[in-house]
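The primary structure of each chain is shown beneath.
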Amino acid sequence: MATGSIERRGKSSWRLSVSAGTDYNGKRITFKKTIRANTKAEAEIELARYIAEIASPNYKLPHNITLNEFVQIWLRDHAERDLQPKTLVGYKSILNRRILPEFGARPMAEIKPIEINRFYTKLLNMKKVPGSRSGGTLSSQTVRHYHMLLSKIFNDAVRLEIVEKNPLQRVFAPKVKQRRIKLEDTSLEDILQALEEEPIQYQVLINLTIGTGMRLGEVAGLEWRHIDFKRHLLQV
């Protein structure tokens, strides 16, 4: 919950300060503005209004807001409300581990495509966190996850009129190298067993692919008219 304070700056001038949580380093995020008020009581009334304004989902954020400040509000007003808990945990890990330490203190409007490209290059050459299941550097697939999350955050910032454009639109995500994996019988059994705990749509998708040899695009293009329930046939 946001809290605030007032500070007298002149005869009828007061500065309002509102705390809105902490960033990835535990540093307090503070919004400030100066108002005109004849008495401290009037200033306190304006402070209460300012706190309510910032806490509102309709609060129009300042255009020089840093990425970290916007992320905290984005998490509160969108991610924590709409995302699955597992997805939220993953997003917070990506943000706190690498994205916010790199760009968190920067105003969003000043972050350029060339800086993001340089960031991706650094990530691709970066050693994995000690204790991870596999050694080496970060994969291009992992860096694509960073790209997708950053792009989503900036798209939402554009939608909320915080920034005019999304720099990620001019950045190419690293290409993922496709690997062909030959499944042995034991591996296939493991997959089928793991599928039992997944949503039905994924069970159908994988079982169809394995059982028929159909390509992913063919499976995705299936319609009810392709299925003959009486004869137990599938026509492609």
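Cut-offs applied
- Residues numbered from 1 in each chain as written.
- Predicted model: local features only at pLDDT ≥ 70, side-chain atom pairs only at ≥ 80, totals over all residues.
- Heavy atoms only, no water.
- Core = buried A, V, L, I, M, F, W, Y, C linked by side-chain atoms within 4.5 Å.
- Buried < 20%, exposed > 50% of the residue type's maximum accessible area, 1.4 Å probe, protein only.
- Helix = DSSP H or I, 4+ residues; strand = E, 2+ residues; numbered from the N terminus.
- Contact = heavy atoms within 4.5 Å.
- Polar contact = N/O pair within 3.5 Å; in protein donor to acceptor, adjacent residues only side chain to side chain.
- Phe/Tyr/Trp six-rings, centres within 6.5 Å; stacked < 30°, edge-to-face > 60°.
- Salt bridge = Lys/Arg side-chain N within 4 Å of Asp/Glu carboxyl O.
- Axes fitted to C-alpha atoms, helices over the stretch in contact; angles between N-to-C directions.
- Parallel < 35°, antiparallel > 145°, perpendicular 65-115°, else oblique.
- Left-handed = near helix turned anticlockwise from the far one by under 90°.
- Nonpolar A, V, L, I, M, F, W, Y, C, P; charged D, E, K, R; others polar.
- pLDDT = per-residue confidence, 0-100.

### Considerations on the nonpolar core
Here's step 1: Core analysis: the largest hydrophobic core is formed by 44 residues, its most contacted members being L67, I99, M108, Y120 and I153.
Here's step 2: Among the secondary structure elements, those contributing two or more residues to this core are β2 (13-22), β3 (28-36), α1 (40-55), α2 (67-82), α3 (85-103), α4 (113-124) and α5 (140-159).
Here's step 3: Ignoring any residue separated from it by four or fewer positions in sequence, one finds I99 in contact with L67, I94, G104, F119, Y146, L149 and L150.

### Here we look at the side chain of E115
Here's step 1: In this structure, E115 sits in helix α4.
Here's step 2: Assessed through its relative accessible area of 18%, E115 is described here as buried.
Here's step 3: Among the polar contacts made by the side chain of E115, one reaches the side chain of R106 at a distance of 2.8 Å.
Here's step 4: Non-local contacts of E115, meaning those with residues more than four positions away in its chain, are made with F103, R106 and E110.

### Remarks on the packing of aromatic side chains
Here's step 1: Throughout the structure, instances matching the rule amount to four aromatic pairs.
Here's step 2: Between the aromatic rings of F103 and F119, the centroid separation amounts to 5.2 Å while the plane-to-plane angle is 75°, which identifies the pairing as edge-to-face. Residue F103 is found in helix α3, and its partner F119 is found in helix α4; the two are separated by 16 residues along the sequence.
Here's step 3: Pairwise contacts between aromatic rings join F103, F119 and Y120 into one cluster.

### Comments concerning the pattern of salt bridges
Here's step 1: Within this structure, the stated rule accounts for 11 salt bridges.
Here's step 2: Ionic pairing is found between R76 and D77, a salt bridge with its closest N-O pair at 2.7 Å.
Here's step 3: By relative accessible area, which is 35% here, R76 ends up partly exposed.
Here's step 4: In this structure, R231 and D228 form a salt bridge, with 3.7 Å as the shortest nitrogen-oxygen distance.
Here's step 5: Where salt bridges share partners, they join E7, R9 and R15 into one cluster.

### Some remarks on the packing of α4 against α5
When two helices pack together, their arrangement is given by the angle between their axes and by how far apart the axes lie.
Here's step 1: The contact between α4 and α5 brings their axes to 9 Å, and the two run at 150°. As summarised for this structure, α4 and α5 are arranged roughly antiparallel, according to the angle between their axes. Where α4 crosses over α5, the two elements pack in a sense that is right-handed. Where α4 approaches α5, its residues F119, Y120, L123 and L124 are matched on the opposing element by S140, V143, Y146, H147 and L150.
Here's step 2: Partitioning the contact of α4 with α5 into residue classes produces seven nonpolar, two polar and no charged.

### A few points about the confidence of the model for the chain
Here's step 1: For the chain, per-residue confidence averages 82 on the pLDDT scale, and 83% of positions sit at 70 or higher.
Here's step 2: When pLDDT is averaged over each helix and strand of the chain, the minimum, 69, is found for helix α6 (residues 185-195) and the maximum, 93, for α4.

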